[in-house]
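Reading the structure
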Amino acid sequence: LLFTGYELLVHLRNLGFQATGTIRENRLKKCPLMETKELKKKKRGTYSFRFDTNEEILFVRWLDNTSVTIGTNYDTVQPLQKVLRYLKECKRKDFVFQPHVFKNYSAYMGGVDKHDWWISKYATSIRAKRWYWPIFTRILDMAIVNSHIIYNLLLGDDGKPAPKMDLLSFRRAICR
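So, how was this worked out
- The residue numbers shown here count from 1 along each chain, following its written sequence.
- Totals for whole chains, interfaces and linings use all residues, but because this is a predicted model, local features are given only for residues with pLDDT of at least 70 and pairs of side-chain atoms are given and counted only at 80 or more.
- As a convention, hydrogens and water are excluded, and side-chain values are obtained from all of the structure's heavy atoms.
- Whether two aromatic rings pair depends on their centres lying within 6.5 Å, for rings of Phe, Tyr and Trp, where Trp uses its six-membered ring; planes under 30 degrees apart make the pair stacked, over 60 edge-to-face, and the rest tilted.
- Think of it this way: any DSSP run of H or I at least four residues long counts as a helix, any run of E at least two long counts as a strand, and we number them from the N terminus.
- Remark: exposure states derive from per-residue accessible area (1.4 Å probe, protein chains only) relative to the maximum for the residue type, with buried under 20%, exposed over 50%, and partly exposed in between.
- Multiplying 1.5 Å by the helix residue count minus one yields the expected span of that helix.
- Relevant arc is that of directions from the helix axis to the C-beta atoms, nothing else.
- Here a residue-residue contact requires only that any non-hydrogen atoms of the pair lie within 4.5 Å.
- We define the nonpolar core as a collection of buried residues of types Ala, Val, Leu, Ile, Met, Phe, Trp, Tyr and Cys that are connected through side-chain atoms lying within 4.5 Å of one another.
- Within this document, salt bridges are pairs made up of a side-chain nitrogen of Lys or Arg and a carboxyl oxygen of Asp or Glu, the two lying within 4 Å of each other.
- Note on definitions: angles span 0 to 180 degrees between N-to-C directions of axes, and those axes are lines fitted to C-alpha atoms, for helices only across the stretch in contact.
- Throughout, the term roughly parallel applies to angles under 35 degrees, roughly antiparallel to angles over 145, roughly perpendicular to angles from 65 to 115, and oblique to all others.
- Crossing handedness is defined as follows: a turn of the near helix away from the far one that is anticlockwise and smaller than a right angle gives a left-handed crossing, while the clockwise case is right-handed.
- Put simply, Ala, Val, Leu, Ile, Met, Phe, Trp, Tyr, Cys and Pro go in the nonpolar bin, Asp, Glu, Lys and Arg in the charged bin, and everything else, Gly too, in the polar bin.

As for the packing of aromatic side chains
Summed over all chains, the structure comprises seven aromatic pairs. Ring centres 5.1 Å apart and planes at 50 degrees place the aromatic pair Trp62 and Phe102 in the tilted group. With Trp62 in strand E3 (residues 57-63) and Phe102 in helix H3 (residues 100-108), this residue pair connects regions lying 40 residues apart in the sequence. Judged by relative accessible area, which is 5%, Phe102 ranks as buried. Ring pairing ties together the aromatic residues Trp131, Tyr132, Trp133 and Phe136, which thus form one cluster.

Encoded structure:
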């Protein structure tokens, strides 16, 4: 969800929709989760959660590379999953615990999140004094990503799928 918050999760639950989304810290309505500064002092994989029993909304803050907060109106923290991550302390990859809601969110994250991720991979950055240039370049990047998605779905002239192309190669082909 693009602008996830407590009220939206409650509203969607009342309409019968299951929803999960990342939440900015200022949208938690004073939910008593462990503060990000305090969480960063703990080891990777540490999490904090609170469940609103009246409205059945769960908020979970988990420490991965950074502190990430998720809200959901249907999912749970348990069972914890083991995920492979690089740990600076032991300078190798090891397993850390991840709340179940994060596993589901990653597996089923929506098109908006993937689209934003693709845009951020090769974002055009132009420093300009005109206020509209960042908006223009963002729209241009969005058009390129949308074209890339459609290109990879299209069939070739012979009815067989067209050869897949990664986003960087696609951007280079457009430039050529």
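Concerning helix H5 (residues 133-153)
Between its first and last C-alpha, H5 extends 30 Å over 21 residues, near the 30 Å set by a 1.5 Å rise per residue. Among the residues making up H5, those that are buried are Thr137, Asp141, Ile144, Val145, His148 and Asn152. The buried side chains of H5 occupy one side of the element, clustering within an arc of 95 degrees when seen end-on. In H5, those exposed residues whose orientation departs by more than 90 degrees from the buried face are Ile139 and Leu153. As for H5, its buried residues are in contact with helix H4 (111-121) and helix H6 (167-175).

What to know about the nonpolar core
Among soluble globular proteins, nonpolar side chains are generally buried collectively. In this structure, Leu58, Val60, Trp62, Ile70, Val77, Val83, Leu87, Val96, Val101, Phe102 and Tyr105 together form the largest nonpolar core, which totals eleven residues. Going through the elements one at a time, E3, strand E5 (81-87) and H3 are the ones with two or more residues in this core. Of all hydrophobic cores here, the second largest spans ten residues; its members include Leu9, Leu12, Leu28 and Phe59.

Points about the pattern of salt bridges
A complete count under the given rule lists five salt bridges for this structure. One salt bridge in this structure joins Asp64 and Arg85, with 2.9 Å as the shortest N-O distance. With Asp64 in the loop between E3 and strand E4 (67-72) and Arg85 in strand E5, this pair connects stretches of sequence that are 21 residues apart. According to the relative accessible area criterion, Arg85 is partly exposed, its value standing at 22%.

A word on the packing of H4 against H5
Their axes nearest at 10 Å, the elements H4 and H5 cross at an angle of 110 degrees. Taken together, the axes of H4 and H5 are roughly perpendicular relative to one another. You can see that H4 and H5 cross each other, and the crossing is right-handed. Two secondary-structure elements touch here, H4 through His115, Asp116, Trp118 and Ile119 and H5 through Arg138, Asp141, Met142, Val145, Asn146 and Ile149. When grouped by side-chain class, the residues that make up the contact of H4 with H5 number five nonpolar, two polar and three charged.

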